[in-house]
Each structure stands twice: as structure tokens, then as C-alpha cells.
Amino acid sequence: MKYMILTFASQQQYQEMVGQPSEQPAWTQEDWAALGAFMQAFNRELLDSGELVETRGLSAPVHTRRVQFKEGVPVVTDGPYAEAEEVLAGYWVVECDSFDRATEITARLASCPGPERLRVRAYADVRPIDEHQPDFEG
Amino acid sequence: MIAAETEDLLRRLAPQVLGAVVRRYGNFDLAEDATQEALLAASMQWPQDGLPGNPRAWLITVASRRLTDLLRSEQARRQREDTVARWALTERGAPRPDAPPAGDDGDTLVLLLLCCHPSLSPASQIALTLRAVGGLSTAEIARALLGSEQTVTRRITRAKQAIKDSGVPFALPAPAELEGRLNAVLRVLYLIFNEGYASTAGTALIRVGLAQEAIRLARTLYAARPDDSEVAALLALMLLIHARHRARTAPDGSLIPMAEQDRSLWDRDGIDEGIALVTAALPRGPIGPYQLQAAIAAVHDEAENPEATDWRQIAALYDVLLRLDDNPVVALNHAVAVSMVAGPRAGLELVQRLGADARINADRRFHAVRGQLLEMAGDRTTALEAYRAAARVATNLQQQHYLNQQITRLQAPPGTAPHGQDLPDPG
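Residue numbers restart at each chain and count upward from 1, following the sequence in its written direction. Here chains are named by letter from A upward and ligands by number from 1 upward, in the order in which they appear as written. Local features in a predicted model are, by the rule used here, given only for residues with pLDDT of at least 70; side-chain atom pairs are given and counted only at 80 or more, and totals for whole chains, interfaces and linings are based on all residues. Only hydrogens and water are removed before side-chain values are computed, so all heavy atoms of the structure are retained for them.

**Q** Just give me the short version of the interface of chain B and chain A, but keep the residues and values in it.
**A** Facing 26 residues of chain B, the contacting portion of chain A comprises 25 residues. Summed over both partners, the accessible area lost on bringing two parts together, with a 1.4 Å probe, is the buried area. Summed over both partners, the interface of chain B with chain A comes to about 2,200 Å²; 51% of that surface belongs to carbon and sulfur atoms. Whenever Lys or Arg places a side-chain nitrogen within 4 Å of a carboxyl oxygen from Asp or Glu, that contact is recorded as a salt bridge. If you look at where chain B meets chain A, you find zero salt bridges. Taken together, the elements giving at least two residues each to the side of chain B that touches chain A come down to α18 (380-393) and α19 (397-411) of chain B. Secondary structure elements are defined from DSSP: runs of H or I of at least 4 residues count as helices, runs of E of at least 2 residues count as strands, and each element is numbered from the N terminus. Top contributing element to the side of chain B that touches chain A by residue count: α19(B), with seven residues. When residues are grouped by polarity, Ala, Val, Leu, Ile, Met, Phe, Trp, Tyr, Cys and Pro land in nonpolar, Asp, Glu, Lys and Arg in charged, and all others, Gly among them, in polar. Here the residues of the side of chain B that touches chain A sort into 10 nonpolar, 13 polar and three charged. Residues are treated as being in contact if the distance between any of their heavy atoms lies within 4.5 Å.

**Q** Tell me about the packing of aromatic side chains, residues and numbers included.
**A** Residue and element names in this part refer to chain A. For this analysis, a ring pair means two rings from Phe, Tyr or Trp (six-membered ring only for Trp) whose centres lie within 6.5 Å, classed as stacked if their planes differ by under 30 degrees, edge-to-face if by over 60, and tilted for the remaining angles. Under the definition given, this model contains seven aromatic pairs over all chains. Pairing Y3 with F99 gives two aromatic rings, centres 5.2 Å apart and planes at 20°, and the pair type is stacked. Of this pair, Y3 sits in strand β1 (residues 2-9) while F99 sits in helix α3 (residues 99-107); the two residues are 96 residues apart in sequence, bridging distant segments of the chain. Residue F99 is classed as partly exposed on the basis of its relative accessible area of 38%. Between F8 and Y123, the ring centres sit 5.4 Å apart and the planes meet at 20°, which makes this aromatic pair stacked. Within this pair, whereas F8 is found in strand β1, its partner Y123 is found in the loop between α4 (116-119) and β6 (124-128), the two being separated by 115 residues in sequence. Note on Y123: relative accessible area 44%, which makes it partly exposed. Ring pairing ties together the aromatic residues F38, F42 and W92, which thus form one cluster. Burial classification: accessible surface area is computed with a 1.4 Å probe over protein chains only, and a residue below 20% of its type maximum counts as buried, one above 50% as exposed, and the rest as partly exposed.

**Q** Tell me what's going on with the packing of helix α1 (residues 3-25) of chain B against helix α4 (residues 104-115) of chain B, and back it up with residues and numbers.
**A** All names here are of chain B. For helices, the axis comes from a line fit to the C-alpha atoms of the stretch in contact; other axes are also lines fit to C-alpha atoms, and the angle between any two N-to-C directions lies between 0 and 180 degrees. Between α1 and α4, the least distance of the axes is 9 Å, while the angle of their chain directions is 85°. For the element pair α1 / α4, the angle class is roughly perpendicular. Seen from α1, the contacting residues are P15, Q16, L18, G19, A20 and R23; seen from α4, they are D104, D107, T108, V110 and L111. Here the residues of the contact of α1 with α4 sort into five nonpolar, three polar and three charged. Orientation categories follow fixed angle ranges, with anything under 35 degrees roughly parallel, anything over 145 roughly antiparallel, 65 to 115 roughly perpendicular, and all other angles oblique.

**Q** Please give an account of the confidence of the model for chain B that cites residues and values.
**A** Residues and elements named next belong to chain B. Summary statistics for chain B give a mean pLDDT of 87 and a share of 88% for residues scoring 70 or more. Per-residue confidence from the predictor is reported as pLDDT, a score between 0 and 100. Confidence drops under a pLDDT of 50 for residues 83-102, and excluding neighbours within four residues, the segment shows 38 contacts in the predicted structure. pLDDT under 50 marks residues 417-427. Its contacts with residues more than four places away, or in other chains, come to 37 contacts. As a predicted assembly, this complex carries a pTM of 0.83 together with an ipTM value of 0.84.

**Q** An account of the environment of T106(A) is needed here, citing residue identities and associated values.
**A** With respect to the element layout, T106(A) can be found in helix α3. C-alpha separation for the pair T106(A) and A124(A), spaced 18 residues apart in sequence, amounts to 7.0 Å.

**Q** Quick one: what's the story with the sheet that holds β1(A), residue by residue and with numbers?
**A** Two modes of strand pairing occur in sheets, parallel and antiparallel, and in both the strands are linked by backbone hydrogen bonds. Residue and element names in this part refer to chain A. Pairing is antiparallel in the open sheet, where four strands are placed in the order β2-β5-β1-β6. Each edge of the open sheet is held by one strand with a lone partner, namely β2 (52-57) and β6. Averaged over all neighbouring strand pairs, the angle between strand axes comes to 20°, with direction disregarded. Docked against the sheet, helix α2 (residues 29-48) engages β2 and β5 (87-95), running at close to 30° with respect to β5. Pairing between strands is defined by DSSP: at least two bridges between them are needed.

**Q** How would you explain helix α8 (residues 175-195) of chain B if you had to name every residue and give the values?
**A** The span one expects for a helix is its residue count, reduced by one, times 1.5 Å. Along its 21 residues, α8(B) runs 31 Å from first to last C-alpha, staying within 8% of the 30 Å computed at 1.5 Å per residue. Taken as a whole, α8(B) has its buried residues at L178(B), R181(B), L182(B), A184(B), V185(B), L186(B), V188(B), L189(B), Y190(B), I192(B) and F193(B).

**Q** Quick one: what's the story with the nonpolar core, residue by residue and with numbers?
**A** F28(B), L59(B), L189(B), I192(B) and L221(B) are the most contacted members of the largest nonpolar core, which totals 90 residues. Among the elements that line this core, the one with the most residues is helix α10 (residues 229-242) of chain B, at 11 residues. What I192(B) contacts, discounting residues up to four positions off in sequence, is I126(B), T129(B), L130(B), L210(B), A214(B) and L217(B). Judged by nonpolar contacts, the second largest core, of 27 residues, contains V94(A), A102(A), L109(A) and L118(A). Grouping buried Ala, Val, Leu, Ile, Met, Phe, Trp, Tyr and Cys residues that are joined through side-chain atoms within 4.5 Å yields what is termed a nonpolar core.

**Q** Could you give me a rundown of the pattern of salt bridges, with the residues and numbers involved?
**A** Enumeration according to the criterion identifies 30 salt bridges over all chains in this entry. The partner of E131(A) in a salt bridge is K2(A), with the nearest N and O atoms 3.1 Å apart. Taken together, the positions of E131(A) in the segment after β6 and K2(A) in strand β1 put the pair 129 residues apart, joining distant regions of the chain. Given the relative accessible area of 13%, K2(A) is considered buried. Members of the salt-bridge network, linked through shared partners, are D29(B), E32(B), D33(B), R131(B), K160(B) and K164(B).

**Q** Let's hear about the environment of Q399(B): which residues, and what values?
**A** Residues and elements named next belong to chain B. When you line up the elements, Q399 lands in helix α19. Residues Q399 and P257 lie 142 residues apart in sequence; the distance between their C-alpha atoms is 11 Å. For the purposes of these results, a polar contact is taken to be a pair of N or O atoms within 3.5 Å, where, inside protein, one atom must be able to donate a hydrogen and its partner to accept one; residues adjacent in sequence count only when each atom of the pair is a side-chain atom. A polar contact is formed between the side chain of Q399 and the side chain of R364, at a distance of 3.2 Å.

Next up, the structure:
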């Protein structure tokens, strides 16, 4: 079965992470380096176990374009999110034996380094991917 | 024989076997599937049963048998659909499975040209080349491209369908067409190489395999076209850039600019081979963009430290490259090289001219180079503005982080922060 693990961050958190202060001070060089090293190891392990299908990180929310369909006409808005709104930041697709195993993988993100204020309230979601396994048709 | 050796041998034989089978039966589409199945059978049997006397003939025989099955079921399906069966199950004659592999390099070239056919999308060209010439399985390609297996399968299927529909024969194109088609192959191989360096969060260290695969493919092409200067130069360029890969990424995955790299980590053998290739290619001519890029990479690689870089030569090479290829990124690199020779003001003048070029004037690289040259010229205020503009448009987190570091450094009172050498990496 395949599962998607999703992580979330706001524009403010993105900015602080890449070294630009906003509401909170910018991340230190050490925090940033630790995050990179953690992600390298996390991905390497999933790749080696054969469970990683794919993973992507998303650019900062400010680069989002929203396409709305107003009476069938597409209208494009740049940067539709509020600064503090937490939105999708990245995802992994993993293929593993059970939901519990996917949850276990997700739980390892708890040791992801970062400033303490973020670590105490960070979260990630894991969701089964909607895949149709054809029933036996004789 | 251990599995790794088997795999290496199979990957080398893959294009030869496919070439022989296509020559015999036509049907590139099904021949490619049949070859994949023969490779899979060999990868399971050989490590257990030992290597057959003639591995190549073994693979061709197994692939031919499988193809015959595929053609039969295709024929049956078509008959069921009341369509005239087009496939003839007769052999076309040569070559026999045990024939000497004399035309293999030629076959591989024809295969490469077919896989990089201009009617295919770049994504399809890449996937098909990796499979049909590189001998990678769909799962391996998906892993290398960080994509899903279904997507890769679909791209390959579409590409093969497009080739079938176009009716391109399995043969070298006419001489007048060959150069253009070869350029397409060079472009695809360089795309594969660069894809190996593209990364998303936390995957920088994972993708080295794809760059190595591109080098392997470039070697294959070089074996088939040893006298083509641009082919030799592409291989040289890849070797010269890849030689720096261990110094290029910090343990945390962040990129280290060339000027700050630990050059003792550069791979001497790769550099030597690259320099030898480009040195031999340049006098042969005619001059082309890959020779110039390889020459620039060679000048960088030859310098024992950043200060020893022969910027005069690099500026001259960029100048020629710019005349061949009116590319704004080349123009930016040229401006940096000029500033290293004639000072930041001379470089800034060139950058300023690009300010009217809509292809680059909103690009992160334009602002970043401007910031760097303005800083070199001592104009901190305007440099800060330029770095801020670059950070605003950067979409890559590593690059944003790098630019924010420059901003922080410039905002600090003079003398409190060390002045780094923040040259972009033109390699």
C-alpha cells in the first residue's frame, strides 16, 4: 500500500528557516545545517529500505498562484495565503506493508531538528493513497 | 559471478542486444520489451547458473524468442479485431545471434538517435534513452528521476508509440540530417546529467547515480563517434564537472560555491581524462559550444586554488561561446569573468546591458550576480538591494538561504563579518 506523508509550514516559518527574520528570529546556521543533515539521512534510509516512492519539497508559499474558476472563467491570484497560514510544505510517498508502518516512519520526523518553539508543536499527516486494487475477476 | 558484475555486463550488452533484435525483426516497440525481459531473465539466472559461453548470443536468442511470442499474440489480437496482420514473422536475415559484434557501436548510435528523436518530448527522450540504451529497468529510472513508476512507464509507452507512428526506420539518418539529430542526442545526455544535479529538499546526495549514468551514455556515444569533437567535448564537460561533486555538497546537503570548495576532494582522474579529451578535440574542430564549455570547466579544474584561476582565458572562452550562442546565462558568466580580469565596474557594465533582456532581467541569477559585482565595487547599499531582489524571486530554499546569508553579512557593520568569496559556480 502507498501512503502520503505531508508536512506544513507558513510563509513566516519558511522565511525564518532560510535565514530571514519575521515575527520570530531567523534560524541559526546550525539549525539549518542540522535540518539538511536530518533530511539527507531520513531520505537515504527510506531509499535503502525500498520504501521511498518519491519525495518533494515545495517552494515558499509566497510563490503560490491560485487559479479560481469564477463562472467557468479562470482567475489567477498571486500569493493567496496569509503570512501565518500553515500550508503544505512537502511530501513523501512511501510504499510499505501497513498503515502502522507508515505511521512509524512519520513518527521519526519528531526528531527533526529546528528551533525549540517549532519542535514542540510540529506535526505531520499521513494518509493512505487512493489506489484501486482490482478484485479477482476469475 | 556476483550480481553487480552481471548487472554491469548486462547494462553494456543491453543496447547491442536491442540493436541486433530490431535489425532482425523490426518492431522497435516490442523488441524493446523483449530485450528488457531477456535482461531480467539473465539477471536472475546468471548469478546462480553461471555465465553462458556467449552472453550476448544468449540474450539475443532469449529476446528473439520472447519477441516471437509477443508478435504472435499481437497478430492474434489484431486478427481478433479483424485487422489485417501487418507483422511478418519472417526474419530479415542478418545478423545472426552469434555474429561478431562488429556493428554494435553503430547500432548503439542508431538507438540513441531514435530515442532522442525530435518528435519526442524531453521527458520521454530521457526515459526511453535510459531504458533502451542505458539498460535500466522502469523501476530504476523512476527512482533515479524521483518519479513514479507509472509515469515512467507511460512516458516510455508513449515514446515508443510515437516512434512507431512516425515510421522512422532503424537506420542512420541521411548525412544532411545527422548533425541536427546528433545535437539532439547531446542535449538529452546533458539534460540527464544536469537532472542528476537537480534536487529537492534532502535528496542532493542521492542522485549522483544519474550523473554517472549520463557519463556512461556519453562514453557509449563517444565509442561510436570518436572523431566528433562535440561528442568528445560533452564527455569531457561531464567528467570535468562531475570531478568536483564530492566537494560540491556539504554533509547537510547545501551547495558549496566553487571558490569555497575543498579542492583536494576533486577527482584527479576525472579531471585528467576530461582535460585530455578536450585538448584533443579543440584543434580538430569545428569549434562548438560543448568544446568551449569543457575548456572553461578545464581551466577551473586546473587551478590549485581560486586565486590561481586563469580568468583571462575563461573570459576569452565565454566571449567566443557568447558569439555561438546568444544565451543570457552565458552572458552573465562572461560578465563575472570580465570583472575578475578588468574589475567589477567592467563586469557591471556588461550586466547592466542585460537589464533590458526580458529573458534574464527578472531572474534570480541576474540580481545575484549584480549584487556580487556591486559588492566587489564597494557599493554596499545597492548590492543589498540586488541581493534582496534575488532572494525574493528565488524559489529554491538552498539558494534563498545562501542569498539571505549575503544580506545578513552586508547588513552587519563593516569589519564584523568575514568577507567570503561568493562567486557563483559557472560549472
